[in-house]
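A closer look at the structure
Residues per chain are reported as follows:
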Amino acid sequence: MPRKMTRAKAHTLYARLADKAPAPKTELYYKDPFTLVVAVALSAQATDEGVNKATKDLFAIADSPQKMAALGEKKLGDMIKTIGLWRNKAKNVIALSQMLIDDFGGEVPQDREALEKLPGVGRKTANVVMNVAFGEPTIAVDTHIFRVSNRTGLAPGKNPLEVELGLEKITPPEFMQHAHHWLILHGRYVCKARRPECSACGIVDLCGFKEKVFDDDKPKKPAKPKRKMASTPKLRAGKSFAKRNAAKRKKAS
Ligand code: SF4
């Protein structure tokens, strides 16, 4: 794990990410807080692109808790079949729609604790909704943010909650509102999981990752096998031995 980044470096890091994307937005398609809750709940272990494909048609006919509950689990399932874990997600979306109707007057609550009571909504989803729909300075730690925070040393942690609390401490207040999006975008497009693009990274000088990968990195040449090295003196010895024998034979004749 890299050493924890200093506050001064963290400030520079955010300033550079902000410079690159001054007004970052979620890539998920949504119309209002309700459709955002649904889109984020569907996006677990799925790509935003895949979710958007399904929700475009879905939100055209069911963009409120009442319409979603009326649609029912079976029809909803049919519309989101292209998304991973769709059966469970359909069940949760219908249940959360019903809970919003029964317990929250059909409105999405602007409160993390209340949001977390909704079926299928965990801390990460609640933080996204708080940040994107209600403009709260929350940071939802997904796989990209977790990776970037640990690699760079910005907020190292063993689990998402540790990283989230670390980010809350080190992120300067003026960057809190968009920190979530800047870190996601950086992780998604530059600091990729398999092969980070360190050559194209705007924060490379601030990053504490020890295994940075650059464009001109070449695989190391394999060391010469020891056996080959050992064979050279043998050949030389053989040659001089033959020469000595030839000299002896000449002398004897
Ligand atoms: S230098 Fe490499 S590892 Fe560090 S943040 Fe940039 S892309 Fe990620």
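Check the entry above for the structure.
Here is a short report on the structure shown in this document. All values derive from a computational prediction rather than experimental measurement.

1. Quick look at the overall build of the chain
In terms of regular secondary structure, the chain is built from 11 helices and zero strands. In the chain, which comprises 253 residues, the share counted as buried stands at 35%. Restricting the contact set of the chain to residue pairs at least 6 apart, pairs at least 24 apart contribute 60%.

2. Description of helix H10 (residues 176-189)
Look at H10: 21 Å from first C-alpha to last across 14 residues, which is about the 20 Å you get at 1.5 Å a residue. Counting buried positions along H10 yields 10 of 14 residues, so the element is predominantly enclosed. Residues of H10 that are buried include every one of His178, Ala179, His180, His181, Trp182, Leu183, Ile184, Leu185, His186 and Gly187, and no others. On its buried face, H10 sits against helix H1 (7-20), helix H7 (123-132), helix H8 (143-152) and helix H9 (160-170).

3. A word on helix H5 (residues 86-103)
Over its 18 residues, H5 extends 25 Å from the first C-alpha to the last, a length consistent with the 26 Å expected when each residue adds 1.5 Å. Turning to H5, its buried residues number three or more, namely Lys89, Ala90, Asn92, Val93, Ile94, Leu96, Ser97 and Leu100. The inward-facing, buried residues of H5 contact helix H2 (33-42) and helix H4 (65-79). Positive phi appears at Gly105, one or two residues downstream of H5, with a value of about 60°.

4. Comments concerning the packing of H2 against helix H3 (residues 48-61)
Where H2 meets H3, the axes come as close as 10 Å, and the angle between the chain directions of the two elements is 145°. Regarding H2 and H3, the two cross each other, and that crossing is right-handed. Here Thr35, Ala39 and Leu42 of H2 lie close against H3, whose contacting residues are Val51, Thr55 and Phe59. Of the residues that constitute the contact of H2 with H3, the class distribution is four nonpolar, two polar and no charged.

5. Focus on the environment of His11
Note on placement: His11 falls in helix H1. Considered as a pair, His11 and Phe175 are 164 residues apart in the sequence and their alpha carbons are 8.6 Å apart.

Cut-offs applied
- Residues numbered from 1 in each chain as written.
- Predicted model: local features only at pLDDT ≥ 70, side-chain atom pairs only at ≥ 80, totals over all residues.
- Helix = DSSP H or I, 4+ residues; strand = E, 2+ residues; numbered from the N terminus.
- Buried ≥ 20, exposed ≤ 12 C-beta atoms within 10 Å, placed from the backbone.
- Contact = placed C-beta atoms within 7 Å.
- Expected span 1.5 Å × (residues − 1).
- Axes fitted to C-alpha atoms, helices over the stretch in contact; angles between N-to-C directions.
- Left-handed = near helix turned anticlockwise from the far one by under 90°.
- Nonpolar A, V, L, I, M, F, W, Y, C, P; charged D, E, K, R; others polar.

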